[in-house]
Structure formats: structure tokens, C-alpha cells
Amino acid sequence: MKKLISIFVLLVSFAFTSNSYSKTEIHWWYGNSGFLGDVIIEIANRFNDSQDEYMVIPTGKGSYEDNMAATIAAFRAGDQPHYSQVYDAGAAIMVAQVKNGVVIGFEEMAEKYGIDVDADNYIPGIKNFYADGDGKMIGVPFNSSTCLMYANMDILNEVGIEEVPKTYEEFEGMAQKILDAGYIPLLQSHSPWIWTENFFSRHNLLMTDGNNGYDDVPTRTLFADTEAFVYHWTKVKEWYEKGYYGYKGRAWGDNQAPFTNGEAAFWFGSAASFGGMKGVLPNFTTNPIPYWDSVTGGKEYPTFIGGAANWILNGHTEEEYKGLAKFIEFMGSPEMDLYYHNMTGYAAVTKGGIELAEKINFYRASPYHKAVGEQLGLEGSTIPGGYRAGNWPQIREVIYENVEPMLNGDITVEKALSNMDKGAAKLLKQFAKTL
Amino acid sequence: MKKVQFKSNYSQYFFLAPQLLILLIFLYWPIIQTFKDAFTMQDAFGFGSQFAGFDNFLFIFSDPSYFTAFKFTIIYSLVITLITGSIGLLLAVQANKVIHGKNVYKTLLIWPYAIAPAVVGVMANYFFSERYGLLYHLFNNLWGFNWYKDVFDAYIYVIIAGSWKQISANFIFFLAGLQAIQKTVIEASIIDCKSNIRRFWTITFPLLMPTTFFLIIINITYAFFDTFGIIDTTTIGAPGSETKTLVYKAYIDGFKGLDLGSAGAQSIMMMIIVLFITIFQFRYIEGKIHYN
């Protein structure tokens, strides 16, 4: 009898403990690693500590590409997470999946489950990048970066350059001086993203037909047809031959390393790169990416948003979506937005976050963080704030494949750009067939 | 010999079932799925799926980088087969002669075989890094080596990375082959011929032919399929797309580019290529080999 009672007591206590721990689980998959991955885990922990109904479980899947492939594979197997981080180049694919019931748009979610963050609370440029053709925000803005110019001020001081270049013309004028002092004047880490996509946005030029894919499904890219773009790469090639620009292969890190080690004066990278550089390189600044004065006539235009957004995936219970809504609300709060901005260098994505930053004089304390908001917040662009072109990850691959032989002088600039156009047109056509 | 008789007509299926099930799930199902993908056009999530006929095949044949990958894969597998086979054979013959500490040599030479290709690639990365690579700087001083600019240099990079580990595999099999040769044959040949080298080419090597044939197939298959991890951790296909193997290209298009139709068509092309190589080997090479 005693035994029976003790078993009964044990069972009852189990029932209670499991009850108090049975929180609704929400799975969030992401494609960041290292420090950025740690921050994501920290965000989830903070949310989990802030309430005890729901539990967000973050899972890192490797790179952006890996996470997207994993999410798609999981969806096809009926085992998808609730929330997944998909990068800029995959945005067209994700937006197109709303009609197939794969993705639930933010605004639909907000309406249904009452998220206390309005879509209009997100910065317009960022909101539009992840919106559908009607301007409805689909993806939830998260880590939004753009390309920036990092400058090693010690080198510039040594060479006697007082101001960082605003334009490529200015850069060209000072490059020889830097080279003569034994430094690499310029490096950049992502030819498709920085010197293709964002070349077009920075100069207010259309990159594809169909108004960058916002009006019609794009059929071709406008690389070889854009005079300024041909001019830019002709110049880059010339710089490469003179040693003004040093190409270190395709890997992001190989191009960043010489700058971080103090061997290069300028490096173009992501706004989120500064975290790894702070404390390593003693005296550097973050600046807007240069533009060709001769192309824009002295005007500056905003670049596209880079980085990724989080996407809500279909196929889960109402209770779980309620929890996700709470989580989205939590992440959209000014405090969390500013926390993320501060930790990573990614842009603050909400108006509330920016207001809070102003209020506490955040940018005076940390001027590094300023450039990203300034560059993204520029006005006057007549092109859309992004591009909606499918198969874009492969088109980036095509761009890479042609940049190398062009720099090596195996093919001319015109030939390389028309090769890119041809390759891209085929991939765009292929994508259009699946719509 | 008495035949074993089973009473039931079904028990054999019962015993075969686990094996068949594994084959079905891990072999036949993916193959059928690949065929399905290759002949359909669909978006990444599998929607909008429609029969596409040979569109996916036409698509890859109109892609110049597909032919680059084809060319590289052929060159790569031939060079790797040749290098790993000849160095493996040389090491095996020498190790077979060693009398003292034979096992130490053997063990040390077999070790690299246990290393995963991706790890080999990461190690090669250290040797060929522009910042701190020993081989990079050695070669760079000799002839201005730079693998992300020069196609030939990139070839050297991936060939060294790809061969290193496979030499061990060749070594093991050649050593086993050498030890399987009967002592009497060797002793008889010593009486007939004094020249070591001549004896090797006229007696030992012909007796090793079954091993050699086996290794050629293994090496080609290795270079075709298993070097994926090495390419992904070394050149990622640069410069241009010159060092992409067919498998690597299918991976990039299928998993990074999310174009399953094209990746499926590429897989089928690969199947056909391997089929042809194998048929060729069995028809024209195997006939010249004497099994005991």
C-alpha cells in the first residue's frame, strides 16, 4: 500500500511539473553564425525570460543559403519551423510563396493575432524591400545592413589624407599616394552585392526590366546596357591593374583580412562587419559607400537593404502563432531594436528604435553606428527600394564567374557584362516558368 | 553437396526485406525523384510543378559553365587517377621491401585515408592561403603562383588537395595486392632475371592488374563524386567557374540556387557519363586483365 501511494504521489507530482513546463514551443531557424548567431540566441533567451507561456527555440542552420535550403526541405517534408530568417537574394522567392500558402505575410498575421507593432513603424525603405507588389509587408525586417566603406584612419593620417573620399573620383585621386606608402588602397568583399546590385541603387539606376521586377516579372538585367556600369567596371579593372584595387578571391574574409590587419586603407563590407573589427583595428571609421560624381551629378542615393528578414511559415496551430505574434512584438520594441543595432551594427529597423537612439544620444557615444542609417535614409530615388528577381542566388554566381576572367584580362569588360546579362536572362526566364 | 530446402515460399522474402527496403528508400526512391525533378519545372517549394520535357536538359546544355565543369571533371579525374595510382604504387612497392619497422611505415601511410575530404580541404586551405600559406608562398616565389587568378594554378591547388588522401587508398590496395602475389612466383623470377625493374614490369605489375583496374574505377569515382568537400573548402570553383566539378555545380544550382530541375537534369547526365566510363572500362580494359 505504501508503495502504491508513493507511486501515486510521484505520478501526480510529475503531472504538475510537466504541466508547469509545457510551454508552447516556437521554432526559429536562422542563418547567422559566430557572434551574430550568439546575439540571436540572446534575443530568444530574453524573450523566454520575459514571459512564461511561450518558448522560442532558435536553431542555427549555417549560412543564409543553408538556412533557406533547410527551410525549404523542411517545408516539403511538412516539418517547417514557425519563423525563418531568409536573406535579401531570397526575398523574391519568399514573397512569391504567399499565394501558395507557404508564407504568412506580416500584415495578415498582425491582423489575425493582434501584433502591437504596425507595419508603418518599420522604416519605409526596409518595409518596402520585404513588401509585395501592393506594398503589403510580408517579411518581418530583422537584420538590415547595407554596404559601407570602412577607412583605416591611421593609414590616411600617415599618408596625409584628411578626409575620406565621398566619391570614386576623390578616391582615384588619392589612391596613388596610398599605394606609394606601401598599402593596398581599396578592397571589397562582395562583387555582386556591393559593386553590382548596390552600384545600381547608389546611382539611382534600374538593374532589371519590369522596374526592377516590381511592376513585371523581370526578363533581363541591364548590366551591359547601362553606360555607367560599364564605365565603373572599366575603371575597376584599371585600378586593379594599377594596384589601386586588390582582389583577394571570392571569399568575404580573405578580402577583409588585409584591412583588419592594417594593410589596406579602405574596405567595402557590410554594416554588420564592424563588430569583428572593433577592438582589433585601432582607428577606423564607417562611411557611406562612394559614388561616381560624374554619374549622379553630385547627388547621393540610398543603397538597397542587405541582410535578411524573418518569414512566418504556414502550417502551425493558432496557439503557436499567438506566441509568435508576441515574439514579433517583443523584437519590434524600441529597446530590443536598439539592443540589436548596438550589438551587431545592423540598422535599427523601427522608427521607435531610432527615436530611442536619438533620445539617449546613442550616436554621439558610438559614431560607428551612424553611417548605415544615413545611407539607407537618403531620399530622392526614383527606382524601387529593391529588386524582385528570381534565381538571384544563381545570378550572383554568374556575376562572380565573369568578374574574375574580366579582372585577369581574359575577357573584356563589355564581354563580361554581356555574359552576365545572358546568363541572368536565362535564369530569369527559368524562374518565370515556375510562377 | 546437399541443397538446403526451405518449406515456406515466403521466408526468403522475409529475410531479404530489410536489405531491399534500404535499397528502395535510399537508392531507388531518390533516383525516381531525380528523374521526376529533371523533367519538371517547379519553384523551390515544389509548387507550380509542370511537365517540362527536355527543357531542363536544354537549359544546362546552353550553359557554357556546364561545359567548363565537364572539361574540368574529366581532366581532374584523369590527373587524380594517374597521380594517386602511381605514387600509391611506388610507396607500396617500397614499403613492401622494408624489413624493419614495416608496420610503422604502413600505419603512417594509411592514416590520411581516414580523413574526411572536407577536412583535407580545410588543411589545404592553410597551405594555399595567400596570407599564411607555405605552399602558396613557395610556388609564388617560383612562378608567381596565384590560384584565384590563374586557372592552371587553381588546378594545381585542387589536384594536390584531392590527391593527398587518395594516395593512401591506393597504397593500401597495392600493398595488399603485392602481398597476395605468391612467393614462389617471385622466387622463380629472381632465378630467371636479375634486373629488379624488368622483373617488376614483366612479373609483378601484370599480376597487380586486377588491383590496378579496381583502383582506376575507385579513383575516377572518387574524383567525380567525393571531391565535393574539397572543392567547397578550397577554391569554391574559382577562378570563374574553372574548378567546379559536375557534382559541385549540381550542388550549387540545386541547393544554393534552389533550381531542382536543373540539378536533377545534371544528376542524370552524370549518371550517363559514369555509366559510359564504366562500360568502356569493362569492355576494353578488363579484357586485358588476367585474374588468377
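Since the structure is predicted, the reported quantities are computational estimates derived from the model, not experimental observations.

**Comments concerning the overall build of chain B**
Check the secondary structure of chain B and you find twelve helices and two strands. Along chain B, helices (α) and strands (β) appear in the sequence α-β-β-α-α-α-α-α-α-α-α-α-α-α when read from the amino end. Based on the C-alpha atoms only, the size of chain B along its principal axes is roughly 75 × 75 × 35 Å. Scored against the burial criterion, the 292 residues of chain B give a buried share of 32%. Of the contacts formed within chain B by residues at least 6 apart in sequence, a portion of 71% connects residues at least 24 apart.

**Things to note about the overall build of chain A**
Secondary structure assignment for chain A yields 21 helices and ten strands. Here the C-alpha radius of gyration of chain A, 24 Å, is about what a compact globule of 435 residues would show, namely 22 Å. Going through the 435 residues of chain A one by one, you find that 50% of them count as buried. Here the analysis covers contacts within chain A between residues at least 6 apart in sequence; of these, 76% occur between residues at least 24 apart.

**Details of the pairing of strand β6 (residues 147-152) of chain A**
Residues and elements named next belong to chain A. By the criterion of burial, β6 is predominantly enclosed, with six of the six residues buried. Covered by surrounding structure in β6 are Cys147, Met149 and Ala151 together with Leu148, Tyr150 and Asn152, the residues of both alternating faces. Pairing of β6 with strand β8 (residues 264-270) involves five bridges; the strand directions are antiparallel. In the sheet register, Met149 faces β8, and the bridge partner there is Phe268.

**Examining the interface of chain A and chain B**
Opposite the 27 residues of chain A that make contact, chain B presents 27 residues. In terms of residues, the side of chain A that touches chain B owes the most to one element, helix α20 (residues 392-408) of chain A, which gives seven residues. The residue makeup of the side of chain A that touches chain B, split by class, is nine nonpolar, eight polar and ten charged.

**Section: unusual backbone geometry**
With the exception of glycine, most residues fall at negative phi, and the peptide bonds are largely trans. The omega torsion of the bond from Ala238 of chain B to Pro239 of chain B falls at -10°, within 30 degrees of zero and hence cis. Following the sequence through the fold, Pro239 of chain B ends up in the loop between α10 (228-233) and α11 (246-256). Within the chain, Asn204 of chain A stands out as a residue other than glycine whose phi angle is a positive 60°. Inspection of the secondary structure puts Asn204 of chain A in the loop between α9 (191-202) and α10 (209-212). With a phi angle near 55°, Asn391 of chain A is a residue other than glycine that sits in the positive phi range. Looking at the secondary structure, you find Asn391 of chain A in the loop between α19 (370-376) and α20. Of the residues examined, Asn391 of chain A has 27 C-beta atoms within 10 Å and is grouped as buried.

**Some words on the pairing of strand β7 (residues 184-188) of chain A**
Residues and elements named next belong to chain A. Across the five residues of β7, five count as buried, placing the element largely inside the fold. The pairing of β7 with β8 spans four bridges and is classified as parallel. Counterpart to Leu187 in the pairing with β8 is Trp267.

**Details of the domain arrangement of chain A**
Residue and element names in this part refer to chain A. When its domains are assigned, chain A resolves into domain 1 (22-145 + 305-376) and domain 2 (147-301 + 390-434). In this complex, domain 1 contributes 19 residues to the contact, which on the side of domain 2 involves 19 residues. Mapped onto the side of domain 1 that touches domain 2, the elements with two or more residues apiece are α2 (34-50), α4 (91-96), β5 (140-145) and α19. With four residues, α19 is the largest single contributor of residues to the side of domain 1 that touches domain 2. A breakdown of the residues in the side of domain 1 that touches domain 2 according to their chemical character gives ten nonpolar, seven polar and two charged.

**A closer look at the sheet that holds β7 of chain A**
All names here are of chain A. The strand order across the open sheet formed by four strands is β7-β8-β6-β9, and the pairing between neighbours is mixed. Each edge of the sheet is formed by a strand with only one pairing partner; in this case those strands are β7 and β9 (284-287). Within the sheet, the average angular offset between the axes of one strand and its neighbour, ignoring direction, is 20°. Taken strand by strand, α9 contacts β6, β7 and β8, and its axis lies near 125° from that of β6.

**Some points on the confidence of the model for chain B**
Taken residue by residue, chain B gives an average pLDDT of 89. The fraction at 70 or more is 97%. For this predicted complex, the interface score ipTM comes out at 0.83, alongside a pTM of 0.86.

**Description of the environment of Leu109 of chain B**
Residue and element names in this part refer to chain B. You can see Leu109 is positioned in helix α4 (residues 102-110). On the neighbour-count criterion, Leu109 (19 C-beta atoms within 10 Å) is partly exposed. Separated by 57 residues in the primary sequence, Leu109 and Gln166 place their C-alpha atoms 11 Å from one another. In contact with Leu109, other than residues within four places in its own chain, are Leu91, Ala95, Ser168 and Phe171.

**Details of the packing of α9 of chain A against α20 of chain A**
Residues and elements named next belong to chain A. Put simply, α9 and α20 touch, their axes get as near as 10 Å, and they point 95° apart. As summarised for this structure, α9 and α20 are arranged roughly perpendicular, according to the angle between their axes. Across the interface between the two elements, Ser191, Pro192 and Thr196 of α9 pack against Arg396, Ile399, Tyr400 and Val403 of α20. The residue makeup of the contact of α9 with α20, split by class, is four nonpolar, two polar and one charged.

**Structural notes on the environment of Asp337 of chain A**
Residues and elements named next belong to chain A. Along the chain, Asp337 falls in helix α16 (residues 334-344). When the 27 C-beta atoms within 10 Å are taken as the criterion, Asp337 is described as buried. For Asp337 and Leu427, which are 90 residues apart along the polypeptide, the C-alpha to C-alpha distance reads 37 Å.

**Topic: the packing of helix α7 (residues 151-180) of chain B against helix α9 (residues 196-226) of chain B**
Residues and elements named next belong to chain B. At their nearest, the axes of α7 and α9 sit 10 Å apart, and the two run at 160° to each other. Comparing their axes, α9 and α7 come out roughly antiparallel. As for the relative orientation of α7 and α9, their crossing is right-handed in sense. The segment α7 lies against α9, with Gly162, Gln166, Ala169, Asn170, Phe173, Phe174, Gly177 and Leu178 engaging Leu208, Thr211, Phe214, Leu215, Ile218, Asn219, Tyr222 and Ala223. Its residues assigned to classes, the contact of α7 with α9 comprises ten nonpolar, six polar and no charged.

**Regarding α11 of chain B**
Taken residue by residue, α11 of chain B has Leu246, Val247, Tyr248, Lys249, Ala250, Ile252 and Asp253 of chain B as its buried positions. Note on α11 of chain B: the residue one or two positions beyond its end, Leu258 of chain B, has a positive phi of about 60°.

**Quick word on the environment of Ala389 of chain A**
Residue and element names in this part refer to chain A. Relative to the assigned elements, Ala389 resides in the loop between α19 and α20. The class of Ala389 is buried, set by 26 C-beta atoms lying within 10 Å. Spatially, the C-alpha atom of Ala389 lies 9.9 Å from that of Asp216, the residues being 173 residues apart in sequence. Excluding residues that lie within four positions of it along the chain, Ala389 makes contacts with Ala92, Thr208, Gly213, Pro218, Ile395 and Leu428.

Cut-offs applied
Residues numbered from 1 in each chain as written. Chains lettered and ligands numbered in written order. Predicted model: local features only at pLDDT ≥ 70, side-chain atom pairs only at ≥ 80, totals over all residues. Helix = DSSP H or I, 4+ residues; strand = E, 2+ residues; numbered from the N terminus. Buried ≥ 20, exposed ≤ 12 C-beta atoms within 10 Å, placed from the backbone. Contact = placed C-beta atoms within 7 Å. Rg over C-alpha atoms; globule rule 2.2 N^0.38 Å. Pairing = 2+ DSSP bridges. Nonpolar A, V, L, I, M, F, W, Y, C, P; charged D, E, K, R; others polar. Domains from an automatic or database assignment. Axes fitted to C-alpha atoms, helices over the stretch in contact; angles between N-to-C directions. pLDDT = per-residue confidence, 0-100. Parallel < 35°, antiparallel > 145°, perpendicular 65-115°, else oblique. Left-handed = near helix turned anticlockwise from the far one by under 90°.

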